[in-house]
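The lines below spell out each chain.
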Amino acid sequence: MDQAPGDGVGKPAGESGLPGCYRHPDRETGVRCTRCDRPICPECMISASVGFQCPDCVRGGSGTGHAPDASAPRTLAGGVTSADPRLITKIILGLNLAVFLAVLSGGDRVTDPLILVGKAFFTYDGSLEGVAEGDYYRLLSSVFLHEAVAHIALNMLALWFLGPPLEAALGRLRFVTLYLLSGLGGSALFYLIAAPNDAALGASGAIFGLFGATAVLMRRMNYDMRPVLVLLAINLVFTFTWSGIAWEGHIGGLVIGTAVAYGFVHAPRERRLLVQRAVAAGALLAVVAVVVIRTVQLT
């Protein structure tokens, strides 16, 4: 059984009444570890940013009174750097490919329950399905759903191009938050504007969010923004000129992704985590508000 801080220690080691060191009970000391409050002798004292710490606390933390990763190198947005800055990008890409293979195998049996639709008939029994009928998961499941080879190829190529630099700059948690919120933003705007029986699928909303985030990041780092702006402009032209493209999803993802990325990389250092959480929560609340408004309209 582990010994709780202070249990079995702190008893007088001699006539002075001072407690004995928790590691060397025969040595009196008036100094205690600033983290666990156990008495420590000069041999066991390890200097910290404030006071002294015991060897056990130093081994379990950074030696500064913070968590072990507190002094680890940080990304531009304050995330912990990782050995593989492509890990989350690879996982997202793998999920998209896995769902695509399932679609190739199962066809409509896989597509119909996952596709984004406001309110429509999918079965012959006359029952309505869609987000307005309580299928809120479709707002996210449709982001990982593709039917055409060209569609998934273009989206995954863009993900592989845009994802790793953003993941390296933001950190894994912030990057996956950005991606998911962008996808949800695209789904929410499509749900709000499109006809209830119109359907949409694909990662394009999330990808456009990554485009917006890339522009924000390059501006923050004072890089030449022209390449990404030209590429974004080309994609916007295709969005509004090609038939069969759900432009609402692209624009919704672009707006949310740009806003979230701006909050992530421009948050003041002294309140960085608080501001970033507030930005992410605000984006999610905006998505929820749009969904609630549209659902009330359709029910």
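Okay, so let's go over this structure.

Cut-offs applied
- Residues numbered from 1 in each chain as written.
- Predicted model: local features only at pLDDT ≥ 70, side-chain atom pairs only at ≥ 80, totals over all residues.
- Heavy atoms only, no water.
- Helix = DSSP H or I, 4+ residues; strand = E, 2+ residues; numbered from the N terminus.
- Contact = heavy atoms within 4.5 Å.
- Patch = residues over 30% accessible without salt bridge, like charges linked within 9 Å, V, L, I, M, F, W, Y side chains within 5 Å.
- Areas by Shrake-Rupley, 256 points an atom, 1.4 Å probe, with all protein chains shown as cover.
- Salt bridge = Lys/Arg side-chain N within 4 Å of Asp/Glu carboxyl O.
- Buried < 20%, exposed > 50% of the residue type's maximum accessible area, 1.4 Å probe, protein only.
- Core = buried A, V, L, I, M, F, W, Y, C linked by side-chain atoms within 4.5 Å.
- Expected span 1.5 Å × (residues − 1).
- Polar contact = N/O pair within 3.5 Å; in protein donor to acceptor, adjacent residues only side chain to side chain.

## Let's talk about the environment of Leu159
Then step 1. You can see Leu159 is positioned in helix H5 (residues 149-170).
Then step 2. For the pair formed by Leu159 and Tyr179, sequence separation is 20 residues and the distance between their alpha carbons is 10.0 Å.
Then step 3. Setting aside residues up to four positions removed in sequence, Leu159 forms contacts with Thr89, Ile92, Leu93, Pro164, Tyr179, Ile207 and Leu210.

## What about a nonpolar patch on the surface?
Then step 1. Together, Val230, Ile234, Val237, Phe238 and Trp242 line one region of the surface with nonpolar side chains, adding up to about 490 Å² of accessible area.
Then step 2. Mapped onto the elements, Val230 comes out in helix H8 (residues 226-241).
Then step 3. Given the relative accessible area of 48%, Val230 is considered partly exposed.

## Side note on the nonpolar core
In a soluble, globular protein the nonpolar side chains are often hidden away together inside.
Then step 1. Core analysis: the biggest nonpolar cluster contains 40 residues, and Leu159, Leu178, Tyr179, Ile207 and Leu210 have the highest contact counts within it.
Then step 2. Looking at this core, the elements with two or more residues in it are helix H2 (87-106), H5, helix H6 (172-193), helix H7 (204-220), H8, helix H9 (247-266) and helix H10 (272-298).
Then step 3. Broken down by element, the residue count for this core peaks at 10 residues, all from H7.
Then step 4. By size, the runner-up hydrophobic cluster in this structure holds 13 residues, among which are Leu116, Leu184, Phe190 and Val291.

## Describing H7
Then step 1. With 17 residues, H7 extends 24 Å between its outermost C-alpha atoms, agreeing within 8% with the 24 Å of an ideal straight helix rising 1.5 Å per residue.
Then step 2. Where burial is concerned, most of H7 is hidden: 15 out of the 17 residues are buried.
Then step 3. A positive backbone phi angle near 60° is found at Asn222, which sits one or two residues after H7.

## Some words on the environment of Gln297
Then step 1. Topologically, Gln297 is positioned in helix H10.
Then step 2. Distance in space between the C-alpha atoms of Gln297 and Ala132 is 8.9 Å, their sequence separation being 165 residues.
Then step 3. At 3.0 Å, the side chain of Gln297 forms a polar contact with the side chain of Arg294.

## Looking at unusual backbone geometry
What is expected of a backbone is that most residues other than glycine have negative phi and most peptide bonds are trans.
Then step 1. Backbone geometry at Asp37 places phi at a positive 70°, although glycine is not the residue there.
Then step 2. Relative to the helices and strands, Asp37 is located in the segment before strand S1 (46-47).
Then step 3. The phi angle at Asn222 is positive, at roughly 60°, despite the residue not being glycine.
Then step 4. Summarising the element assignment, Asn222 is placed in the loop between H7 and H8.

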